[in-house]
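# Coordinate inspection notes
Here are the chains, one letter per residue:
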Amino acid sequence: MISLTSPVKTRAHHWPAGLKLAGLCLASTGLFLTGSMVVHVTALLLVLALYAAPGTAFFRAGMCGMRVVVPFVLILLVWHGVTGDWQSGVLITLRMVTLIGLANLVTMTTGLEDLVEVLQHLTAPLGRLGLPVHLLDTAIPLVIRFTPVIVERAGTLAEAWRARSCRRPGWRLILPLTLQALDDADHVGEALRARGGPLGSPQQEP
Amino acid sequence: MERNIAQIALFAAMIAALGLVPQITLGFGVPITAQTLGVMLAGAVLGARRGAAAAGLFLLLVALGLPLLAGGRGGLGVFVSPTAGFALGFPVAAFATGLFVEHVRLHSAGLAAGLGAVFGGILVLYLLGASGLALVSGKSLIEAFRLVAVFIPGDLLKAAITGMLVQALARVRPQMLAWHRVPAGPRDFRL
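Residues numbered from 1 in each chain as written. Chains lettered and ligands numbered in written order. Predicted model: local features only at pLDDT ≥ 70, side-chain atom pairs only at ≥ 80, totals over all residues.

- As named in an unreviewed UniProt entry, chain B is Biotin transporter, taken from Paracoccus kondratievae.
- Taken verbatim from the UniProt record of chain B, the Sequence similarities (unreviewed entry) comment is "Belongs to the BioY family."
- The record in UniProt for chain B states the following under Subcellular location (unreviewed entry): "Cell membrane". (UniProt positions renumbered as here; feature names shortened; annotations may be inferred.)

- Per an unreviewed UniProt entry, chain A goes by the name ABC transporter permease and belongs to Paracoccus kondratievae.
- In its Sequence similarities (unreviewed entry) section, the UniProt record describing chain A reads: "Belongs to the CbiQ family."

### Brief notes about the overall build of chain B
- Per the secondary structure count, chain B includes 7 helices and 0 strands.
- Going residue by residue from the N terminus, the α and β elements of chain B occur as α-α-α-α-α-α-α.
- Within chain B, the fraction of its 191 residues that count as buried is 60%.
- At a minimum sequence separation of 6, the contacts of chain B that also span at least 24 residues come to 67%. (Helix = DSSP H or I, 4+ residues; strand = E, 2+ residues; numbered from the N terminus. Buried ≥ 20, exposed ≤ 12 C-beta atoms within 10 Å, placed from the backbone. Contact = placed C-beta atoms within 7 Å.)

### With respect to the overall build of chain A
- Across its full length, chain A holds 8 helices and 0 strands.
- When the helices and strands of chain A are placed in sequence order, the string is α-α-α-α-α-α-α-α.
- On C-alpha atoms alone, chain A measures out to a radius of gyration of 23 Å, which is more than a quarter above the 17 Å that the 2.2 N^0.38 rule sets for 206 residues.
- Across its three principal axes, chain A shows a C-alpha extent of roughly 60 × 55 × 35 Å.
- Restricting to contacts in chain A with at least 6 residues of sequence separation, those with at least 24 account for 71%. (Rg over C-alpha atoms; globule rule 2.2 N^0.38 Å.)

### Description of the confidence of the model for chain B
Residues and elements named next belong to chain B.
- Confidence in the prediction of chain B, expressed as mean pLDDT, is 87, and 90% of residues score 70 or more.
- For chain B, helix α6 (residues 141–148) is the element with the lowest average pLDDT, namely 88, and helix α3 (residues 48–63) is the one with the highest, namely 95.
- Reported confidence for the predicted complex is 0.86 by ipTM and 0.87 by pTM. (pLDDT = per-residue confidence, 0-100.)

### Things to note about helix α3 (residues 56–66) of chain A
Residues and elements named next belong to chain A.
- Looking only at α3, the buried set comprises Phe58, Gly62 and Gly65. Seen end-on, α3 carries its buried residues on one side only, within an arc spanning 55 degrees. Looking at α3, the residues exposed on the side facing more than 90 degrees away from the buried face are Thr56, Ala57, Arg60 and Cys64.
- Buried residues along α3 sit in contact with α2 (37–52) and α5 (86–109). (Arc of directions from axis to C-beta.)

### Let's talk about the UniProt feature "transmembrane region" (unreviewed entry) in chain A
Residue and element names in this part refer to chain A.
- Within this numbering scheme, the UniProt entry marks residues 21–51, 57–79 and 91–112 as carrying the feature "transmembrane region" (unreviewed entry).
- A distance of 17 Å separates the end C-alpha atoms of residues 21–51, which is 90% helix and 0% strand.
- Spanning residues 57–79, this segment combines 87% helix with 0% strand, and its end C-alpha atoms are found 34 Å apart.

### Side note on the domain arrangement of chain A
- Considered domain by domain, chain A is made up of domain 1 (17–110) and domain 2 (121–199).
- Computed from C-alpha atoms alone, the centre-to-centre distance between domain 1 of chain A and domain 2 of chain A is 34 Å. (Domains from an automatic or database assignment.)

### As for the UniProt feature "transmembrane region" (unreviewed entry) in chain B
All names here are of chain B.
- The positions UniProt marks with the feature "transmembrane region" (unreviewed entry) are residues 51–69, 76–101, 113–136 and 148–170.
- As annotated, residues 51–69 comprises 68% helix and 0% strand, and the C-alpha atoms at either end are separated by 17 Å.
- Structurally, residues 113–136 is divided into 100% helix and 0% strand, and its ends, taken at the C-alpha atoms, are 32 Å apart.

### Things to note about the interface of chain A and chain B
- Tallying the contact residues gives 56 residues for chain A and 48 residues for chain B.
- Per element, the largest residue contribution to the side of chain A that touches chain B is 13 residues, and it comes from helix α8 (residues 174–194) of chain A.
- Grouping the constituent residues of the side of chain A that touches chain B by class yields 39 nonpolar, 14 polar and 3 charged. (Nonpolar A, V, L, I, M, F, W, Y, C, P; charged D, E, K, R; others polar.)

### What about the environment of B:Pro67?
Residues and elements named next belong to chain B.
- Following the sequence through the fold, proline 67 ends up in the loop between α3 and α4 (84–103).
- Overall, the presence of 21 C-beta atoms within 10 Å leaves proline 67 in the buried class.
- Sequence separation between proline 67 and leucine 20 is 47 residues; the distance between their C-alpha atoms is 9.3 Å.

### Focus: the packing of helix α7 (residues 136–164) of chain A against helix α1 (residues 2–20) of chain B
- Axis separation between α7(A) and α1(B) bottoms out at 8 Å; the angle between their running directions is 45 degrees. Between α7(A) and α1(B), the angle falls in the class oblique. Once α7(A) is placed against α1(B), the crossing between them reads as right-handed. On the side of α7(A), the interface is formed by A:Thr138, A:Ala139, A:Leu142, A:Val143, A:Phe146, A:Thr147, A:Ile150, A:Val151 and A:Ala154, while α1(B) contributes B:Ile5, B:Ala6, B:Ile8, B:Ala9, B:Leu10, B:Ala12, B:Ala13, B:Met14, B:Ala16, B:Ala17 and B:Leu20.
- Tallied by class, the residues present in the contact of α7(A) with α1(B) amount to 18 nonpolar, 2 polar and no charged. (Axes fitted to C-alpha atoms, helices over the stretch in contact; angles between N-to-C directions. Parallel < 35°, antiparallel > 145°, perpendicular 65-115°, else oblique. Left-handed = near helix turned anticlockwise from the far one by under 90°.)

Dropping the structure here:
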């Protein structure tokens, strides 16, 4: 499964994930609290510098990830331009780009295992309150495993459709896809139960 | 219990897959991805609680950095982008859809699911999505709503498809729809 973690290893890969997330929260809150243009421009330049620090390959990958914000930047600028408050439009756009850039940076430098570990720490108190958070340990790998399976199956169904019809396949593929997913869920549920699954109350675990 | 977890996980995977598979784009001039269709389906098939759990699980994996949102987006940046309201609204939308089908008793499962999808997947989701956009862009809710309203026709189509899919599902796997009580009397086996 492709992850958004950057293959270019940086020093930030070794920093504790919790620290990076806390930093991200602090930076985001700070930017929302201030309305100063200077602070926002500095923050954006700082984020760009962070992207550039590990080298060109990392920078290019990071900017690729930022491409999706371009339409939003245009919409926001035009929108504020039409209504005549350029100043706040530029400020809001700067803040948005900086925050998305910073958040993507954390995602790029933090592996899935590290984030799952943080998640377990964060949900531990909820587990003590009686919420079944231990089920996440089973559910997350299941989703990661089955997403490519369903994508592949949709491809197979589309091929079968194209072999029989000259119209393009569309939403009609979703019914067999849903049925197969529901049947899979039955099988997986049985398999989990048969193996004495980790799904009872958390106290039962060794 | 184990079956519930498996269904929640499989539907989270369905929501992801529907946003990623190019063949299932609903083309009518502009390609519309089917991701929110997955959210509507999760609520309409699994019901409020499990549907919301499926959408929430999907969202959690997006936050953990998997590129599962339509167009291969993902990561923490999603939650500060202008579309954050829509993403965070997915579990609420699935819950609202499920709540509708569970509490509004209609003879036709498809009609209930379709209307539920309009309620949860459009009314509730757009309210949250427009609020998110208003918050990020610094505009009023009304202005934000006007901007996102262009996507409503596509989502109405998805709600209709949800209805048709659930109608078909009620015929071939009636036991899968926990909320759908088959009306008493002789069973109708027409197809």
